[in-house]
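What follows is the residue order along each chain.
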Amino acid sequence: MTPTEQDKELQKEVYKHLEFLNSPKSDLGTEIDHIMQLIIADRKRVALEARLDELENRLRVQFIPSHWARLCAEVNSWAKYVDRRIAELKSQQEEV
């Protein structure tokens, strides 16, 4: 598995915090908390990307675009739900 740009950013941040641990004024608990927050945020990002991939590339792509548009036009269509869910996940992704 090759590291993504986000993986490289996370690695850089973790190394930065680990270097700070070697300084005399470091607070181990605080630095570990920072590292854990970085890892948690990265896990959330990966989970959101997986959900988005499933909805966008596996469900939506299976339909001919004209069929998808027709399904979205129906009142209580699952296609509307999928589009709405994709928008929600993208919004959450921006927050992470």
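Residues numbered from 1 in each chain as written. Predicted model: local features only at pLDDT ≥ 70, side-chain atom pairs only at ≥ 80, totals over all residues. Heavy atoms only, no water.

Caption draft 1: Representation of the overall build of the protein. The number of helices and strands found in the protein is four helices and zero strands. Going from the N terminus to the C terminus, the protein shows its helices and strands as α-α-α-α. With 96 residues in all, the protein has 19% of them scored as buried. Look at the contacts in the protein between residues 6 or more apart in sequence, and 52% of them connect residues 24 or more apart. Entry remark: accessible area of the protein is about 7,400 Å², with carbon and sulfur atoms responsible for 56%. (Helix = DSSP H or I, 4+ residues; strand = E, 2+ residues; numbered from the N terminus. Buried < 20%, exposed > 50% of the residue type's maximum accessible area, 1.4 Å probe, protein only. Contact = heavy atoms within 4.5 Å. Areas by Shrake-Rupley, 256 points an atom, 1.4 Å probe, with all protein chains shown as cover.)

Caption draft 2: Fine view of the side chain of Arg45. Here Arg45 shows up in helix H2 (residues 28–59). Every residue in contact with Arg45, bar those within four places of it in the chain, is listed here: Thr4, Gln6, Asp7 and Val96.

Caption draft 3: Up close: helix H4 (residues 78–95). Between the first and last C-alpha of H4 there are 26 Å, a value that for 18 residues agrees with the 26 Å anticipated at 1.5 Å per step. Among the residues of H4, Ala79, Val82, Ile86 and Leu89 are the ones counted as buried. Relative to the axis of H4, the buried residues are bounded by an arc of 80 degrees and lie together on one face. For H4, the exposed residues set more than 90 degrees away from the buried face come down to Glu94 and Glu95. (Expected span 1.5 Å × (residues − 1). Arc of directions from axis to C-beta.)

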